[in-house]
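Each chain, letter by letter, is given below.
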Amino acid sequence: MTTAIKYPHAAGFVAGDRPKIVTSRFEHADSYTIERFLATGGYAGLRKALGRAATDVHEEVKSATVLGRGGAGFPAGTKWGLTPQQVFPKYLVVNGDESEPGTYKDRLLMERDPHQLIEGCLIACYAAGLSQCFLYIRGEMALAQERVATALNEAYAAGYVGKNILGSKFSVDIVLHWGAGAYVVGEETALIESLEGNRGMPRLKPPFFPAANGLYGQPTIVNNVETLANLPWLMVNGSEAYTAIGTKTSPGTRMVAVSGHVKNPGVFEIINGTTTFRDLLYGAEFCGGIRNDNELKAFVPGGGSAPWFTADQLDLPFEASQVGPAGSMLGSGAIMVMDSTTDIPAAALTLTHFYAHESCGKCTPCREGGTWLERILTRIVEGTGTEADLQQILEVGAMICPGDFPHASNEKLGLAAVPFPYKMTTICFVGPSAFAPLHSAITLFRSEFEARLVKRISIPVTAVSTPPTVWA
Amino acid sequence: MSRLNEANIKTALEIIARYPRPKSALIPLLHLAQEQNGYVTNEAMVHLGELVGVTSAEVYGTATFYEMFRFEPVGKYLVNICGTMSCALMGAGDLMHHAEQKLGVKAGGTTADGMFTLAHAECQAACTEAPTLQVNYRFRYKVTNGDFDTLIDDLKNGKLADEIPAHGVVARIRQRIPADRGVGAVAPELVTENPAWMDGKAAL
């Protein structure tokens, strides 16, 4: 086993002795240049794809089961097949609006290997017959925007993007678009609204999903940056090589960022499906344990929106079909670790504040409920909350997510797991996400909240034997 | 005067031409306006409305949704300290407290000399490098109190002028689509058939 090397030019990324599908170029300081890209097999996947019929390429991606890496985990090839046959034009929108708390991979892929992403976009457009591609990068990512703009300019000049790519009949424009700071725009229909120049509020769905009715009312495929970055490797090596890595239901690799109280926080490209949370948190080639060898208190397994896990769930693998029933989700590949010194109510407050702040205001339960949750929790954290406040949190939460809210099992507390997903009264996941961390925290660490409550002790009143004589 | 200048009008038209519908260019154009003036002025929003063919109210509606757009002057350097979970776990609260002491303003405030605006920010996608901050959207990782002081001093002395442009400029490199290479944007209603390469045969 090689020891993990941190590349100073890919801040946070830790390589290892594992298959590298999307991070193969990260070891080079100039990985973002077209020279390095071409010298390391760049655009070979595109060439290979163009040498086959588009439907063939689509089939190849479908049989590889490339799971969407944005959070929902929907297979990309299947998604492409959902567009209506006889409606034109169709669009590709690349979701580079990464802002889920803890998530940190798309930015690296855009900063460190923008050409790989461009190649992935081209393959997707070719396979699914998409006429134009819009690459939506989060507004705050200045370096990613600069790197992708440079890469696009280079690719246009070299004939990889634009009219008659590589001299073929395949022509597509990739337009760089950038946002201006709104978490909710990471939701695909909000992304489309934002791309149309509107306020980034999600659209009601069902009935219409973007694949049928998206950008300008046309069929639109929205794919995550990491999903598309997988395609060049897949084209070169084939779907059999891809599915040989990982498990049948979760093939390939995925990028996971582990942050918080671990010895070596970092972004890792791990084997999908087989790697467990214990490997990641304690493995020598990954995080190497909890800081100061403290005890693990809890961890967020899949980005800020995910219900929390404790040490009981460490042996679960990165496999949606196992993490879901255990009460949480893999989401966007972000683990945030809390050690025994963590103030749980305060930690939950940072996340609830985030979602309350990022609510777009379209659905009432999220707009009002999220803010209520934050205010009530703030009272508790500051030490002025009461027992009624704790009850109120759960009641407000039940208005955003009626029914049993998913949570992990816990042996010590005698809790059985409530499986994912939850019911919700909002269009998108921002509302439930404000409640998720709070619900987990209260369920798993109720005593920490109770310790902070103001106790109202009733004073016994003695009966007055004679009426007061004030009227006399 | 705070409408877009000649050079920026040219850039704006270039950006608008890339989209099948002009309104799509609104967010990039608002950035352009902010780049020119340091914040988004009312006149600029009226001008953008004229350029993309919507009312200024619609421009204002879009602009106010997004956090990066400012409608009042801010400091030359906008210092955003992340306070979301991973950074909070690694001491972002203390860093913010120190920053407030150092700059002499509360989060959200601007220093009297107009150099710095300090702000609390949400997750910046650099969670393993916590606590993080961005100065005009340029990252600083694992920031200690000492690092923060050095950063502020360097910014004051103009040492970082090459790396960090004044507030308003996000990316300094723009996409340019050469006229002879671009396919061009077509309004969706004008497209009536499958793209040429969807004929069941290989493109190459």
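Residues numbered from 1 in each chain as written. Chains lettered and ligands numbered in written order. Predicted model: local features only at pLDDT ≥ 70, side-chain atom pairs only at ≥ 80, totals over all residues. Heavy atoms only, no water.

Undergrad: Just give me the short version of the overall build of chain A, but keep the residues and values in it.
TA: From N to C terminus, chain A includes 17 helices and 8 strands. Taken over the C-alpha trace, chain A has a radius of gyration of 25 Å; the compact-globule value for 472 residues is 23 Å, and the two agree within 12%. Here the C-alpha coordinates of chain A stretch approximately 110 × 50 × 35 Å along the principal axes. Counting all 472 residues of chain A, 63% fall into the buried class. Within chain A, contacts between residues separated by at least 24 positions form 70% of all contacts whose residues are at least 6 apart in sequence. For chain A, the accessible area works out to roughly 16,500 Å², and carbon and sulfur atoms hold 56% of it. Distance between charge centroids for chain A: 3 Å, based on 38 positive and 45 negative side chains. (Helix = DSSP H or I, 4+ residues; strand = E, 2+ residues; numbered from the N terminus. Rg over C-alpha atoms; globule rule 2.2 N^0.38 Å. Buried < 20%, exposed > 50% of the residue type's maximum accessible area, 1.4 Å probe, protein only. Contact = heavy atoms within 4.5 Å. Areas by Shrake-Rupley, 256 points an atom, 1.4 Å probe, with all protein chains shown as cover. Lys, Arg positive; Asp, Glu negative; His and termini not counted. Charge placed at Lys NZ, Arg CZ, Asp CG, Glu CD.)

Undergrad: Give me the lowdown on the pairing of strand S4 (residues 220-224) of chain A, citing residues and values where you can.
TA: All names here are of chain A. For S4, a buried count of 5 out of 5 residues is recorded, marking the element as mostly surrounded by other parts of the structure. Residues Thr 220, Val 222 and Asn 224 point to one face of S4 and Ile 221 and Asn 223 to the other, with burial holding for every one of them. Bridge count between strand S1 (residues 91-96) and S4: 5 bridges; the pairing is parallel. The residue bridging Val 94 from the neighbouring strand is Asn 223, located in S4. (Pairing = 2+ DSSP bridges.)

Undergrad: How would you summarise the sheet that holds S1(A) if you had to cite specific residues and measurements?
TA: All names here are of chain A. Read from one edge to the other, the open sheet built from 4 strands follows the order S3-S2-S1-S4, with strand pairing classed as parallel. Of all the strands in the sheet, the pair left with one neighbour each is strand S3 (173-178) and S4. Within this sheet the neighbouring strands show an average axis-to-axis angle of 20°, counted without direction. Alignment of strand S2 (residues 132-137) against S3, held across 6 bridges, turns out to be parallel. Opposite Cys 133, over in S3, you have Ile 174 as the bridge partner. Helix-sheet contacts for helix H7 (residues 142-158) involve S2 and S3, and the interaxial angle to S3 is about 165°. (Axes fitted to C-alpha atoms, helices over the stretch in contact; angles between N-to-C directions.)

Undergrad: Can you explain the pairing of S1(A)? Please cite residues and give values.
TA: Residues and elements named next belong to chain A. Counting buried residues along S1, 6 of its 6 residues qualify, which places the element largely inside the surrounding structure. Side chains Tyr 91, Val 93 and Asn 95 of S1 all project onto a buried face; the interleaved residues Leu 92, Val 94 and Gly 96 project onto the opposite face, where all are buried too. Pairing of S1 with S2 involves 6 bridges; the strand directions are parallel. Bridge pairing in S2 links Gly 96 to Ile 137.

Undergrad: Which residues make up the environment of Val184(A), and what are the values?
TA: Along the chain, Val184(A) turns up in the loop between S3 and helix H8 (188-195). Of the residues examined, Val184(A) reaches a relative accessible area of 2% and is grouped as buried. When the C-alpha atoms of Val184(A) and Cys360(A) are compared, they prove to be 6.7 Å apart, with 176 residues separating the residues in sequence. If sequence neighbours within four positions are ignored, Val184(A) has contacts with Ala190(A), Gly200(A), Pro202(A), Glu358(A), Cys360(A), Cys428(A), Val430(A) and Phe65(B).

Undergrad: Which residues make up the side chain of Thr275(A), and what are the values?
TA: Structurally, Thr275(A) can be placed in the loop between strand S6 (266-271) and helix H11 (277-282). The contact partners of Thr275(A), leaving out residues within four places of it in the chain, are Ile270(A), Leu280(A), Phe286(A), Leu316(A), Pro317(A) and Phe318(A).

Undergrad: Outline the sheet that holds strand S7 (residues 296-300) of chain A, listing residues and values.
TA: Residue and element names in this part refer to chain A. Ordered in space as S6-S5-S8-S7, the 4 strands form an open sheet in which the pairing is mixed. The strands lining the two open edges of the sheet, one partner per strand, are S6 and S7. Across this sheet, the average inter-strand angle for adjacent strands is 25°, counted without regard to direction. Note: S7 against strand S8 (residues 334-339), 4 bridges, orientation antiparallel.

Undergrad: Account for the nonpolar core, naming residues and giving values.
TA: Membership of the largest hydrophobic core comes to 163 residues, with the highest contact counts inside it found for Leu122(A), Phe170(A) and Trp308(A). Contacts of Phe170(A), omitting those with residues within four sequence positions, involve Leu46(A), Leu50(A), Leu122(A), Cys125(A), Tyr126(A), Gly162(A), Lys163(A), Asn164(A), Ile165(A), Trp197(B) and Ala203(B). Within the second largest apolar cluster, 24 residues are counted, among which are Phe268(A), Phe299(A), Phe318(A) and Ile335(A). (Core = buried A, V, L, I, M, F, W, Y, C linked by side-chain atoms within 4.5 Å.)

Undergrad: Hey, could you go over the packing of helix H14 (residues 364-382) of chain A against helix H15 (residues 387-400) of chain A for me, with residue numbers and the actual values?
TA: Residues and elements named next belong to chain A. In the contact formed by H14 and H15, the axes pass within 10 Å of each other and the chain directions differ by 160°. Taken as axis vectors, H14 and H15 run roughly antiparallel relative to one another. Between H14 and H15 lies a crossing whose hand is left-handed. Contact with H14, carried on its side by Pro 365, Gly 369, Gly 370, Trp 372, Leu 373, Ile 376, Leu 377, Arg 379 and Ile 380, involves Asp 389, Leu 390, Gln 392, Ile 393, Val 396, Gly 397, Met 399 and Ile 400 of H15 and no other residues of that element. Here the contact of H14 with H15 is built from residues that sort into 11 nonpolar, 4 polar and 2 charged. (Parallel < 35°, antiparallel > 145°, perpendicular 65-115°, else oblique. Left-handed = near helix turned anticlockwise from the far one by under 90°. Nonpolar A, V, L, I, M, F, W, Y, C, P; charged D, E, K, R; others polar.)

Undergrad: Would you mind going over the interface of chain B and chain A in detail, with residue names and values included?
TA: The interface of chain B with chain A comprises 72 residues on the first partner and 96 residues on the second. Across the chain B to chain A interface the summed buried area is about 6,600 Å²; carbon plus sulfur atoms make up 60%. Between the two partners, chain B and chain A, sit 3 salt bridges. Here Glu146(A) ties to Arg172(B) by a salt bridge, and the two come within 3.1 Å at their closest N and O atoms. (Buried area = accessible area lost by both parts, 1.4 Å probe. Salt bridge = Lys/Arg side-chain N within 4 Å of Asp/Glu carboxyl O.)

Undergrad: A description of the domain arrangement of chain B should follow, citing residues and the corresponding values.
TA: When its domains are assigned, chain B resolves into domain 1 (6-71) and domain 2 (77-157). The straight-line distance from the C-alpha centre of domain 1 of chain B to that of domain 2 of chain B is 29 Å. (Domains from an automatic or database assignment.)

Undergrad: Give a description of the pattern of salt bridges that names residues and reports values.
TA: Residue and element names in this part refer to chain A. Evaluated as defined, the whole model comprises 39 salt bridges over all chains. For Lys 205, the salt bridge identified is with Glu 187, shortest N-O distance 3.4 Å. Of this pair, Lys 205 sits in the loop between H8 and S4 while Glu 187 sits in the loop between S3 and H8; the two residues are 18 residues apart in sequence, bridging distant segments of the chain. Using a relative accessible area of 15% as the deciding quantity, one classes Glu 187 as buried. One salt-bridge network, held together by shared partners, links Arg 69, Lys 105, Asp 106 and Glu 226.

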